[in-house]
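Structural description and commentary
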Amino acid sequence: MTRRLTVAQALVTFLAHQYTERDGRRQRLIDACWGIFGHGNVAGIGQALLESEGALPYLQGRNEQAMVHAAVGFARQRDRLAAHAVTTSIGPGATNLVTGAALATINRLPVLLLPGDTFATRPADPVLQQLEHPGAGDISVNDCLRPVSRYFDRITRPEALIPAALQAMRVLTDPAETGAVTLALPQDVQVEAYDWPEEFFVDRVWHVRRPAPDPAATADAAAAVRAARRPLIVAGGGVHHSEAEDALRALVEATGIPVASTQAGKGSLRHDHPADVGGIGHTGTAVADELARAADVVIGVGTRYSDFTTASATLFAPGVRFVNLNITSFDAHKLAALPLVADARAGLRALTEALAGYRVPASYESEYAAGKAAWEAEVERAYAVADPGARPGQAQVLGALDAVVGEEDVIINAAGSLPGDLHKLWRARSRRQYHLEYGYSCMGYEIPAAIGVRLAAPDRPVWALVGDGTYLMMPTELVTAVQEGIAIKVVLIQNHGYASIGGLSEAVGGERFGTAYRYRAPDGTYSGDPLPVDLAANAASLGMDVLRARTAGELRTVLAEARAADRPTCVYVETETADSVSGAPPAQAWWDVPVAETATRPAAVRARRDYERHAAARRRYLGT
């Protein structure tokens, strides 16, 4: 039997019947479709969504990049077992997807992109918004999405949708391959009718696998750990994606091995667990980084070892051995490691069994317990408010929020100076509380991602933490939150510039050039008075309820009021300026940002000397 539908109608119907299953739990794979309509998708996907009468729910966005961010936030909160689709018109609507697609793929998070495309049949050439390439008539702007997609196909004939749609679902649900998936849809093909086999529309369940590690590889990994006296676990985002937190806790409680976490892995253990030593790397804690420098075996679990984690290949000792547990062979083999290619939960359970009877020396446990206590004192110092009547520093903002939230709250951030402060200071209370997008560190991610997280977990208070620089990049989805009644909480910190890049600029001899939001001074630099921008008024004009915290003393009360609110609410707080210190402890490890080799300005000359000193410590980890 067949059913006659347009290509767009067939795709929407197909998506409404896709499910995932893991550990006996089944849920819809494509939970909803975000969309902004133009001539490239309004009569195709737009009409099909209308025709479906809610079988695939529709969400209206304001910016195409932001829609992808919302979809990514949703997928991460749902442990990659459910995702959103995003549809756009051709031209700028499609190219606006590229940043979001890169973010999804880098972070290994599933999102389905459905951009419109130029005519397959070319009845008029060129059409509005078409890119003409003199040497290739089949190229469109959607080809920009190829390098940032884990799977890409252009559907130039109706019947081509069947294999392409199945491949798209395969990649979305494969934990080793997932990321952005793009099906480019020429606008004429979207509306073309075809007789589809009914089997295409039956409920289809995609089993999300948990591959166990190879027994021989497990034995090799266990032997390496048993020979170690100072092992360290580096927990990455794969721990969360696999729901492996309990398995990790069982391993460390049996062995005493301490756990440091990447930005994506923070919260793998609760902050108050004796084995949790906090963040690792350039934005890590002193205790975690000191343990890393002296570790003889490093067990990476679900991490891809970014330069922030390895302190640009200067953090770990030259003779260290790596054991990498990862669902992808690509990541498991990094740093010449002993690879344990497996699901994080399955691998941790196998490793725990293989390490039965092993425990680190008591002196090592005492050492990291003392380091953990010393760092907790640093956190308390950073959070302390000396003058309740003054403006808070950024660390004091985090301290006030720390005092207000519960285990169920979710804290979202991505860029600026906040990620460093959060990685060092935040006390993660539950597995999905700490939501840092630091694979792409994309300004503008936080507000739309908060909407996606709240859609995925409507019973959890969700906070988007943004500075003024990030807010000005992409505040538009506040309108979506208001329209849909999605009660996110936005903490908007006004510090008059790019605090993070300003500090980095100073460190590398750039003298904070072009990083402050100020008037031009007589010398031509942006060093005049701060701009009289009222971002709180802007948020209010977009429909948000706005609460202003004028002093450190008011802040906790205002945050508590926002937490109790049942409408989208913004807490606006003006802190120290971007060229002042955040109040958090300084970096505990280096980060490689090359400095000008020749310069005449003294700041750059000094920075180059410091750079060469640090760069001399870089090393290749090639195993033993």
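1. Considering the overall build of the protein
Per the secondary structure count, the protein includes 24 helices and 23 strands. By the compact-globule yardstick of 25 Å for 624 residues, the protein fits well, its C-alpha radius of gyration being 25 Å. With respect to the three principal axes, the spread of C-alpha positions in the protein is 70 × 70 × 55 Å. Sequence-distant contacts in the protein: of pairs separated by 6 or more residues, those separated by 24 or more amount to 76%. Summing over all exposed atoms, the protein offers an accessible surface of approximately 23,800 Å²; the carbon and sulfur share of this is 54%. Between the averaged position of the 60 positive side-chain charges in the protein and that of its 70 negative side-chain charges there is a distance of 4 Å.

2. What to know about the sheet that holds strand 6 (residues 83–88)
Read from one edge to the other, the open sheet built from six strands follows the order 5-4-6-7-9-8, with strand pairing classed as parallel. On the outer flanks of this sheet lie strand 5 (58–60) and strand 8 (151–154), each paired with one strand and no other. Between one strand axis and the next, the sheet turns through 20° on average, direction left out of account. Pairing of strand 6 with strand 7 (residues 111–117) involves four bridges; the strand directions are parallel. Opposite Ala85, over in strand 7, you have Leu112 as the bridge partner. Sitting on the sheet, helix 1 (residues 7–15) is in contact with strand 4 (30–35), strand 7 and strand 9 (180–186), with an inclination near 175° to strand 7.

3. Quick word on the packing of helix 18 (residues 446–456) against helix 20 (residues 477–484)
Following both chains from N to C, one finds helix 18 and helix 20 inclined at 25°, their axes separated by 9 Å at the closest point. The orientation of helix 18 relative to helix 20 falls into the category roughly parallel. Here Ile447, Pro448 and Ile451 of helix 18 come into contact with helix 20, specifically with Glu477, Leu478, Thr480 and Ala481. Residue classes in the contact of helix 18 with helix 20 are distributed as five nonpolar, one polar and one charged.

4. Let's talk about the sheet that holds strand 13 (residues 259–261)
The strand order across the open sheet formed by six strands is 14-13-12-15-16-17, and the pairing between neighbours is parallel. Two strands in the sheet have a free side with no partner beyond their single neighbour: strand 14 (276–279) and strand 17 (338–341). This sheet shows a mean twist of 20° between the axes of neighbouring strands, independent of strand direction. Of the pairings in the sheet, the one linking strand 12 (residues 231–235) to strand 13 comprises three bridges and is parallel in character. Bridge pairing in strand 13 links Ala235 to Ser261.

5. Quick look at the pattern of salt bridges
Counted according to the given criterion, the structure contains 41 salt bridges. Across the salt bridge formed by Arg3 and Glu198, the nearest N and O atoms sit 2.9 Å from each other. Here Arg3 is found in strand 1 (residues 2–6), whereas its partner Glu198 is found in the loop between strand 10 (193–197) and strand 11 (204–207), with 195 residues between them in sequence. Residue Arg3 is classed as partly exposed on the basis of its relative accessible area of 32%. For the salt bridge of Arg26 with Asp203, the shortest nitrogen-to-oxygen distance reads 3.5 Å. Of the two residues, Arg26 is situated in strand 3 (residues 25–28) and Asp203 in the loop between strand 10 and strand 11; the sequence distance between them amounts to 177 residues. In this structure Arg26 comes out as partly exposed when scored by relative accessible area, which is 48%. A relative accessible area of 42% places Asp203 in the partly exposed class. Because the salt bridges share partners, they merge into one network encompassing Glu376, Glu380, Asp402, Arg427 and Arg429.

6. Concerning the packing of aromatic side chains
For the structure shown, the criterion picks out 14 aromatic pairs. Between the aromatic rings of Phe316 and Tyr621, the centroid separation amounts to 6.2 Å while the plane-to-plane angle is 75°, which identifies the pairing as edge-to-face. Note that Phe316 is positioned in the loop between helix 12 (307–310) and strand 16 (321–326) and Tyr621 in the segment after helix 24 (602–615), a separation of 305 residues in sequence. On the numbers, 5.3 Å between centres and 75° between planes, the contact of Phe322 with Tyr621 is edge-to-face. With a gap of 299 residues between them, Phe322 in strand 16 and Tyr621 in the segment after helix 24 connect regions that are remote in the sequence. With relative accessibility at 1%, the residue Phe322 sits in the buried group. Residue Tyr621 is classed as buried on the basis of its relative accessible area, which comes to 7%. Taken together, the ring pairs connect Phe14, Tyr194, Trp196, Phe200 and Phe201 into an aromatic cluster. Its guanidinium or amino end placed over the ring of Tyr434, Lys266 lies 5.5 Å from that ring's centre, counting from NZ or CZ.

7. A word on the environment of Tyr471
Position of Tyr471 relative to the elements: it lies in helix 19 (residues 468–473). Counting along the chain gives 23 residues from Tyr471 to Gln494, while the straight-line C-alpha distance between them is 9.4 Å. What Tyr471 contacts, discounting residues up to four positions off in sequence, is Ile447, Val466, Leu478, Leu492, Leu535, Asn538, Ala539 and Leu542.

8. With respect to a nonpolar patch on the surface
Taken together, Phe37, Val42 and Tyr58 make up a surface patch of nonpolar side chains, about 240 Å² in accessible area. Residue position: Val42 is located in helix 2 (residues 42–51). The exposure class of Val42 is partly exposed, given its relative accessible area of 43%.

9. Things to note about the side chain of Gln190
Inspection of the secondary structure assignment puts Gln190 in helix 7 (residues 187–190). The buried category is assigned to Gln190, whose relative accessible area is 2%. Setting aside residues no more than four positions away along its own chain, Gln190 makes contact with Thr6, Val7, Ala8, Gly40, Asn41, Gly44, Ile45, Gly116 and Leu185.

10. Observations regarding the packing of helix 1 against helix 2
Axis angle and axis distance: for two packed helices, these are the angle between their axes and the distance between the axes, and together they describe the pair. The interhelical angle for the contact between helix 1 and helix 2, taken along N-to-C directions, is 50°, at an axis separation of 8 Å. As far as their axial angle goes, helix 2 and helix 1 are oblique. The interaxial crossing formed by helix 1 with helix 2 has right-handed handedness. When helix 1 is examined against helix 2, the residues Ala8, Gln9, Leu11 and Val12 are found in contact with a partner set consisting of Gly44, Ile45, Gln47, Ala48, Leu49 and Glu51. Looking at the contact of helix 1 with helix 2 residue by residue, the classes come out as six nonpolar, three polar and one charged.

11. Notes on helix 8 (residues 215–226)
Here helix 8 spans 16 Å end to end across 12 residues, near enough to the 16 Å set by a 1.5 Å rise per residue. Taken as a whole, helix 8 has its buried residues at Ala217, Thr218, Ala221, Ala222, Ala224 and Val225. Down the axis of helix 8, the buried set is contained in an arc of 160°. They therefore lie on one face. Among the structural elements, strand 15 (297–301), strand 16, strand 17 and helix 14 (344–354) are those in contact with the buried residues of helix 8. Between the side-chain oxygen at the start of helix 8 and the backbone nitrogen of Ala216 there is a gap of 3.1 Å, and the oxygen is on Asp214.

Scoring rules and cut-offs
- Per chain, residue numbering runs from 1 following the sequence as it is written.
- With pLDDT at 70 or above as the cut-off, local features in this predicted model cover only qualifying residues; side-chain atom pairs require 80 or more to be listed or tallied, and sums for whole chains, interfaces and linings still use all residues.
- Calculation of side-chain values draws on the structure's entire complement of heavy atoms; hydrogens and water are dropped beforehand.
- Think of it this way: any DSSP run of H or I at least four residues long counts as a helix, any run of E at least two long counts as a strand, and we number them from the N terminus.
- In this setup the radius of gyration rests on C-alpha atoms only. A globule is expected at 2.2 Å times the number of residues raised to 0.38.
- Residue contacts follow a heavy-atom distance rule, with two residues in contact if any of their heavy atoms lie within 4.5 Å.
- Per-residue accessibility takes into account occlusion by the displayed protein chains alone, with areas from the Shrake-Rupley method and a 1.4 Å probe.
- None of His or the chain ends enter the tally, which takes Lys and Arg as positive and Asp and Glu as negative.
- Note on charges: their place is set at NZ of Lys, CZ of Arg, CG of Asp or CD of Glu.
- Two strands form a pair only when DSSP identifies at least two bridges running between them.
- Axis lines are fitted to C-alpha atoms, over the contacting stretch for helices. Their N-to-C directions set the angle, which ranges from 0 to 180 degrees.
- When an angle is under 35 degrees it counts as roughly parallel; over 145 it counts as roughly antiparallel; between 65 and 115 it counts as roughly perpendicular; any other value is oblique.
- Throughout this entry, Asp, Glu, Lys and Arg are counted as charged residues, while Ala, Val, Leu, Ile, Met, Phe, Trp, Tyr, Cys and Pro are counted as nonpolar. The remaining residues, Gly among them, count as polar.
- By convention in these notes, a salt bridge is any Lys or Arg side-chain nitrogen within 4 Å of a carboxyl oxygen on Asp or Glu.
- Relative accessibility decides the category of a residue: with a 1.4 Å probe and only protein chains considered, values under 20% of the type maximum give buried, values over 50% give exposed, and everything between is partly exposed.
- For Phe, Tyr and Trp, where Trp contributes only its six-membered ring, two rings pair if their centres lie within 6.5 Å, and the inter-plane angle classes them as stacked under 30 degrees, edge-to-face over 60, or tilted in between.
- Ring-over charges, as used throughout, are those where CZ of Arg or NZ of Lys falls within 6 Å of the ring centre and within 35 degrees of the ring normal.
- A patch consists of residues exposed above 30% relative accessible area that lack any salt bridge, with like charges linked at up to 9 Å and nonpolar side chains (Val, Leu, Ile, Met, Phe, Trp, Tyr) linked at up to 5 Å.
- Should the near helix be turned anticlockwise from the far one by less than a right angle, the crossing is left-handed, and should it be turned clockwise, the crossing is right-handed.
- Helix span is expected to be 1.5 Å times the residue number reduced by one.
- Directions drawn from the helix axis to the C-beta atoms are what define this arc.
- Whenever two N or O atoms come within 3.5 Å, that pair is a polar contact, provided that in protein one can donate a hydrogen and the other can accept it, and provided that, for residues adjacent in sequence, both atoms are side-chain atoms.

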